Amino acid sequence: MPKRRLPGEQKRPADLLAGLDQSRPFPRLPLTDEQWKEAAKLLGIPETAEEARLDIETTIGIFRQFQAGDLGQVPSAKIREELGALADAASDLHDRLSKLAKVRDAYTALTGAPSLHSPYSPLDRLPDFAGPHQSEHLPSSVQSMMGLDGQRRLSQALDVLLRLPKWLLVAKYRGVEAKRRGPRAQNVYWLVGNLDGIRERFTGKKITRSYKDGASKKYITYVCRIADPDIGDGTIEQAMKDRIKRRDRIRRSVD
């Protein structure tokens, strides 16, 4: 069983996949005999029920694979943090470019306007370097730059940079909403649903609204902690409630 992480310690895909038997179509995490003995006891089935053991091991293996795959996803909080940082960077870039544009040589370089030292803009001389027969083969982006007014381009760039921070902050505070249930919680809900299905298959029992009598909750909590020691009691309980609601909706739709 993986050890509980220290505060701030991040999981790695390799940690989640360690010990998995991936030689089968679906990965499985082999239970120790001690773990299976306790799980079978909580399920109320004999230890010789190898098919149930295999189902639980495979369910844990798939859950671990889901968790490892979700580690690369960027959470909403991180997206908002990055948008805020980009807004600050855009504001700083606007201020720096505005300040630089007030310097004569920098303004000349940015706009291509004639300076006291050269009668030509660098862009004006591109056709000379390319030759009459080659200028038509210049990249379209360069041809476009040659035909644009440098002062207008600078003005447009500053205008975009001026508006960009506000746009990014709007996205930060309104455009990215925190998910009610993140990938990790979704995986736990899936795990609990499958463990309940295994119990129903081999014992005929399932999670009910009176699950607090302890039988199903002890079994599901025990196996969930094998799958991931960091799963909290609250998450497990919410997942069990969700399982009941889903089953009720299915029953009502059939009726």
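Residues numbered from 1 in each chain as written. Predicted model: local features only at pLDDT ≥ 70, side-chain atom pairs only at ≥ 80, totals over all residues. Heavy atoms only, no water.

## Things to note about the overall build of the chain
Working step 1: Check the secondary structure of the chain and you find eleven helices and zero strands.
Working step 2: When the helices and strands of the chain are listed from N to C terminus, the series reads α-α-α-α-α-α-α-α-α-α-α.
Working step 3: Every one of the 255 residues in the chain was classed for burial, and the buried ones make up 33%.
Working step 4: Put simply, 71% of the contacts in the chain that link residues at least 6 apart link residues at least 24 apart.
Working step 5: Accessible area of the chain: about 16,600 Å², with a carbon and sulfur share of 54%. (Helix = DSSP H or I, 4+ residues; strand = E, 2+ residues; numbered from the N terminus. Buried < 20%, exposed > 50% of the residue type's maximum accessible area, 1.4 Å probe, protein only. Contact = heavy atoms within 4.5 Å. Areas by Shrake-Rupley, 256 points an atom, 1.4 Å probe, with all protein chains shown as cover.)

## Some thoughts on helix H4 (residues 76-101)
Working step 1: Spanning 26 residues, H4 covers 37 Å between terminal C-alpha atoms, matching the ideal 38 Å at 1.5 Å per step.
Working step 2: The complete set of buried residues in H4 reads Ser76, Leu83, Gly84, Ala87, Ala90, His94, Leu97 and Ala101. (Expected span 1.5 Å × (residues − 1).)

## Things to note about the side chain of Gln67
Working step 1: Secondary-structure assignment places Gln67 in helix H3 (residues 50-70).
Working step 2: At 2.5 Å, the side chain of Gln67 and the side chain of Asn187 are in polar contact. (Polar contact = N/O pair within 3.5 Å; in protein donor to acceptor, adjacent residues only side chain to side chain.)

## A closer look at the nonpolar core
Working step 1: By size, the foremost hydrophobic cluster in this structure holds 31 residues, and its most contacted members are Ile56 and Ile220.
Working step 2: Looking at this core, the elements with two or more residues in it are helix H2 (33-43), H3, helix H9 (183-203), helix H10 (215-227) and helix H11 (233-254).
Working step 3: Ranked by size, the runner-up nonpolar core spans five residues in total, among them Leu97, Ala101, Leu158 and Leu161. (Core = buried A, V, L, I, M, F, W, Y, C linked by side-chain atoms within 4.5 Å.)

## With respect to the packing of H2 against H3
Working step 1: Where H2 meets H3, the closest approach of the two axes is 11 Å, and the angle between their N-to-C directions is 105 degrees. Judged by the angle between their axes, H2 and H3 are roughly perpendicular. Counting all contacts with H2, which are made through Asp33, Trp36 and Leu43, the residues of H3 involved are Ala52, Arg53 and Ile56.
Working step 2: Tallied by class, residues from the contact of H2 with H3 come to four nonpolar, no polar and two charged. (Axes fitted to C-alpha atoms, helices over the stretch in contact; angles between N-to-C directions. Parallel < 35°, antiparallel > 145°, perpendicular 65-115°, else oblique. Nonpolar A, V, L, I, M, F, W, Y, C, P; charged D, E, K, R; others polar.)

## Re the side chain of Arg247
Working step 1: You can see Arg247 is positioned in helix H11.
Working step 2: At 2.9 Å, the side chain of Arg247 and the backbone oxygen of Ile207 are in polar contact.
Working step 3: When residues no more than four places from it in sequence are discounted, the contact partners of Arg247 are Asp196, Glu200, Lys206 and Ile207.

## A look at the packing of H4 against helix H5 (residues 104-111)
Working step 1: Where H4 contacts H5, the two axes come as close as 7 Å, and the packing angle between them is 110 degrees. It follows that H4 is roughly perpendicular to H5 by the angle criterion. Residues Leu97, Leu100 and Ala101 of H4 form the contact with H5, whose own contacting residues are Ala106, Tyr107 and Leu110.
Working step 2: Class assignment of the residues belonging to the contact of H4 with H5 gives a composition of six nonpolar, no polar and no charged.

## Examining the pattern of salt bridges
Working step 1: Tallying each qualifying case throughout the model produces 15 salt bridges.
Working step 2: Among the salt bridges present, the one from Asp105 reaches Arg104, with a minimum N-O distance of 3.6 Å.
Working step 3: Overall, the relative accessible area of 48% leaves Asp105 in the partly exposed class.
Working step 4: A single salt-bridge network, built from bridges that share partners, covers Arg28, Asp33, Arg53 and Glu57. (Salt bridge = Lys/Arg side-chain N within 4 Å of Asp/Glu carboxyl O.)

## Brief notes about the packing of aromatic side chains
Working step 1: Per the counting criterion, the structure on display carries one aromatic pair.
Working step 2: Each ring, one from Phe66 and one from Trp190, has its centre 5.1 Å from the other, and the planes form 75 degrees; the classification is edge-to-face. Highlighted residues: Phe66 in helix H3 and Trp190 in helix H9, separated in sequence by 124 residues.
Working step 3: With a relative accessible area of 33%, Phe66 lands in the partly exposed category. (Phe/Tyr/Trp six-rings, centres within 6.5 Å; stacked < 30°, edge-to-face > 60°.)

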